[in-house]
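Take a look at the letters that make up each chain.
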Amino acid sequence: MYEVTFITSDKHNAGTTQNAWIVFEGTDGKSKEYLIENSVKNKVMRRGMTNTFKFFVKPVGKLTYITVGHRKRDGGTITGTGIETGWFLHEVCVESVETKEK
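Residues numbered from 1 in each chain as written. Predicted model: local features only at pLDDT ≥ 70, side-chain atom pairs only at ≥ 80, totals over all residues. Heavy atoms only, no water.

1. With respect to the sheet that holds strand β7 (residues 89-96)
As a reminder, the rule being used: Paired strands are those between which DSSP finds at least two bridges. Here a strand is any run of E in DSSP of at least two residues, a helix any run of H or I of at least four, and the numbering for each starts at the N terminus. All axes are obtained by fitting lines to C-alpha atoms, using only the stretch in contact for helices, and the reported angles, taken between N-to-C directions, cover 0 to 180 degrees.
The strand order across the open sheet formed by 3 strands is β5-β1-β7, and the pairing between neighbours is antiparallel. Only two strands of the sheet have a single neighbouring strand rather than two, namely β5 (50-55) and β7. When strand polarity is set aside, the average angle formed by the axes of neighbouring strands in this sheet is 15°.

2. A closer look at the pattern of salt bridges
This is how it is decided: Between Lys or Arg on one side and Asp or Glu on the other, a salt bridge is scored when a side-chain nitrogen of the former is within 4 Å of a carboxyl oxygen of the latter.
Taken as a whole and judged by the stated rule, the model has 1 salt bridge. Among the ionic pairs, Glu-101 bridges to Lys-62, the shortest N-O distance being 2.8 Å. Residue Glu-101 is found in the segment after β7, and its partner Lys-62 is found in the loop between β5 and β6 (63-71); the two are separated by 39 residues along the sequence.

3. Regarding the layout of surface pockets
So the rule is basically this: Only protein atoms enter the calculation, which uses a 1 Å grid: trapped sets of points that fit a 1.4 Å probe without letting it out are cavities, open sets showing protein on both sides within 12 Å along at least five of seven lines are pockets, and any residue with an atom within 4 Å of a point is a lining residue. Grid points are joined across faces, edges and corners, and a volume is the space filled by probe spheres set on the points. Note that Gly is not counted as nonpolar here; it falls among the polar residues with everything else outside the nonpolar set of Ala, Val, Leu, Ile, Met, Phe, Trp, Tyr, Cys and Pro and the charged set of Asp, Glu, Lys and Arg.
The volume enclosed by the largest pocket comes to roughly 310 Å³. Along its surface, the largest pocket is lined by 16 residues, and Tyr-2, Gly-61, Leu-63, Ser-96 and Thr-99 are the ones closest to its centre. Residue contributions to the lining of the largest pocket peak at 3 residues, all from β7. Taken together, the residues of the lining of the largest pocket sort by class into 7 nonpolar, 3 polar and 6 charged.

4. Section: the pairing of strand β2 (residues 19-26)
Across a regular strand the side chains alternate sides, sitting on one face of the sheet and then on the other. Operational definition: Each residue gets one of three labels from its accessible area relative to the maximum for its type: buried under 20%, exposed over 50%, partly exposed in between, using a 1.4 Å probe on protein chains only.
Of all the 8 residues making up β2, 7 are buried; the element is thus mostly covered by neighbouring parts of the structure. Of the pairings in the sheet, the one linking β2 to β6 comprises 8 bridges and is antiparallel in character. Paired with Gly-26 across the two strands is Leu-63, which belongs to β6. Two elements, β2 and strand β4 (residues 34-36), share 3 bridges in a ladder whose sense is antiparallel. Directly across from Trp-21, in β4, lies its bridge partner Leu-35. Of the strand pairs in this sheet, β2 and strand β3 (residues 29-30) are connected by 2 bridges, and their pairing is antiparallel. The residue of β3 that forms the bridge with Gly-26 is Gly-29.

The following block contains the structure:
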């Protein structure tokens, strides 16, 4: 299991109203894509916010990479137009809950 903290910039229009996703890659393979739902009830990844999530990930060996992205809530692709369709992700911190390795 990994605990991941996403820090969204506090710049104007840095946040997003779209869904985010993350993939974990290690020496033994990579995980599936994990969805981070963003909705009216679950407002995450907004300007200046720090959000922390726990992901139960199949063993991937020693973690070497993560890939993070976002897409429209309906599952389509981001067109790059409109307010809060982009996302200025300032920092991501990943920690193994078992080993406490960051």
